[in-house]
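Structural overview for review
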Amino acid sequence: MSILLRNGHVIPGDGGPELPETDVLTEGGVITAIGKDLPHPADTRIDASGMVVMPGLVDAHRHVWQAPLRGIGADMTLPDYLGMVLGRVLAAFRPEDARLAALLGAAEALDSGVTSVFDWSNTTVTPEHTEAVLDGYAAGGLRVVVGHTVPARKANLQRLAGMDGLISGGLAILGPQYGSWNDGVREIALARELGLPVSMHASGGPDSPFPRMYEAGLLGPDLNLVHMNAMTPAEARMLADAGVAVTVTPVVEATMGHGTSAFGTFLDAGGHAALGTDVVVNAPADLFEPMRDTLRFERMRSRTMYPAAQVLSNATVHGARSIGLGGKTGSLTVGKRADIIVLDGLSQPSGGGVVTALTPANVHTVLVDGRVVKRHGHLVHHDLTALRTAGIELAHRTLA
Ligand SMILES: [Zn+2]
């Protein structure tokens, strides 16, 4: 199966320049050529004239199971959220609910041009729930790292560690800042034994455990620290030196009052933060708003015209690297898997235009692993309206 995306404004996302009126060829799920007027009799030809062709967006931190709860928590504080969502609603989630939520979340991600997600999967509380989440994703068509919560049965984690296709595994831990040092160290060691990336929420700051981890040689590129709103410049340098990934979720962080995004502090230290949506109880399910928030915060903070197009790399190549998928996706590079989006709506296609002016409504075509999952603005394999209706029923039942 080969697909030729014809004559688009190609943004490779690998640090190279934007390429006007250029073709991208995919064969067997892999990007095999990028160039002008590629002479190839592809099975499918997609005219991308006047549109942006770029890597699919990477959401490095989303609690996908909350997809049915969109907008229920506009004024929720963190304690409200912990009690209501992570308390009551999660306790009422049955395996079949976890399946539906994964499928709805996957469909919403694809619809908005997100082709890869790290799912911080609080719902993996029993083997049956984990099975249901994996089943939902098997029907989803999204590239996803399922971040299993702990404690977990080792057999479950070993199974995830053996998955290397569209679905792969990770560990979602409390971590040594919000949990205990000993648990954190033990869980990171377990993840390393199994080769799984590890994600944890953290604020950083003067009392954070990360300097101690640095001293103990425990920091590495397989760790993804989410939020880090209190991160100090010295801490940022230490984390950047150790190659640790930092993911910011600026929309939720501002809405819930966690604090200013750590994006700029990490950038000053030579680090490149990944972006996440986090939760849809009080934020949209797409990465356009986190990208725009990041640009606005950074221009205000640095008092410079930080280049808009630069933010695209945080939502693509840096995001992919931060969740262990850097070798597979995150840029239009020959040899990588074909996770590609085509965006319309710009008078003059450019990366900066994507960041400043587009919305999910401009996501025209989406390919994941060389398979067309959205075309002409519509999902090919999912009935989003029906999934949302089922999700609303789920929300009403679990909130009751
Ligand atoms: Zn989170």
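Summarised in this report is the structure supplied together with it. Only a predicted model underlies this, so the values are computations on that prediction, with no experimental measurement involved.

1. Observations regarding the overall build of the chain
Check the secondary structure of the chain and you find 15 helices and 17 strands. Along the first, second and third principal axes, the C-alpha set of the chain runs to 60 × 45 × 40 Å. For the chain, contacts bridging at least 24 residues in sequence account for 75% of all contacts bridging at least 6.

2. Considering the pairing of strand β14 (residues 340-343)
On β14, burial covers both faces: I340 and V342 on one face and I341 and L343 on the other are all buried. Bridge analysis of strand β5 (residues 52-55) against β14 gives four bridges, and the strand direction is antiparallel. Its bridge partner lying in β14, V52 is registered against L343. Pairing geometry for β14 and strand β15 (residues 363-368), over four bridges, is antiparallel. Pairing of I341 across the sheet is with V366, part of β15.

3. Remarks on the packing of helix α2 (residues 95-111) against helix α15 (residues 384-399)
The geometry of α2 relative to α15 is characterised by a closest axis approach of 10 Å and an angle of 135° between their N-to-C directions. The orientation of α2 relative to α15 falls into the category oblique. Relative to α15, α2 is oriented so that their crossing is left-handed. Together, D97, L100, L103, L104, A107 and D111 of α2 and L384, L387, R388, A390, G391, L394 and T398 of α15 make up the contact between the two elements. Residue classes in the contact of α2 with α15 are distributed as eight nonpolar, two polar and three charged.

4. A closer look at the nonpolar core
Ranked by internal contacts, the top residues of the largest apolar core, which has 116 residues, are L5, V53, A102, V246 and F266. Per-element accounting of this core gives the leading share, ten residues, to α2. Composition of this core by domain shows at least three residues from each of domain 1 (2-54 + 336-379) and domain 2 (57-322). Apart from the residues within four sequence positions on either side, A102 is in contact with V64, W65, V133, G136, Y137 and G140.

5. Describing unusual backbone geometry
Its identity is not glycine, yet M228 carries a phi of approximately 60°, on the positive side. Topologically, M228 is positioned in the loop between β11 (223-227) and α8 (233-241). With a phi close to 75°, D278 is a non-glycine residue in the positive phi region. On the secondary structure map, D278 appears in the loop between β13 (274-275) and α11 (288-302).

6. Focus: the sheet that holds strand β6 (residues 57-62)
Here eight strands make up an open sheet; going across it, the order is β6-β7-β8-β9-β10-β11-β12-β13 and the pairing parallel. Since the sheet does not close on itself, it has two edges, and those belong to β6 and β13, each with one partner. Looking at chain direction, strand β10 (residues 198-202) and β11 are connected through five bridges and run parallel. Of the residues in β11, the one forming a bridge with M200 is L225. In the packing of helix α6 (residues 181-194) onto the sheet, contacts are made with β9 (167-173) and β10, and the angle to β9 comes to roughly 165°.

Reading the values: the criteria
- Residues numbered from 1 in each chain as written.
- Predicted model: local features only at pLDDT ≥ 70, side-chain atom pairs only at ≥ 80, totals over all residues.
- Helix = DSSP H or I, 4+ residues; strand = E, 2+ residues; numbered from the N terminus.
- Contact = placed C-beta atoms within 7 Å.
- Buried ≥ 20, exposed ≤ 12 C-beta atoms within 10 Å, placed from the backbone.
- Pairing = 2+ DSSP bridges.
- Axes fitted to C-alpha atoms, helices over the stretch in contact; angles between N-to-C directions.
- Parallel < 35°, antiparallel > 145°, perpendicular 65-115°, else oblique.
- Left-handed = near helix turned anticlockwise from the far one by under 90°.
- Nonpolar A, V, L, I, M, F, W, Y, C, P; charged D, E, K, R; others polar.
- Core = buried A, V, L, I, M, F, W, Y, C linked by C-beta atoms within 7 Å.
- Domains from an automatic or database assignment.

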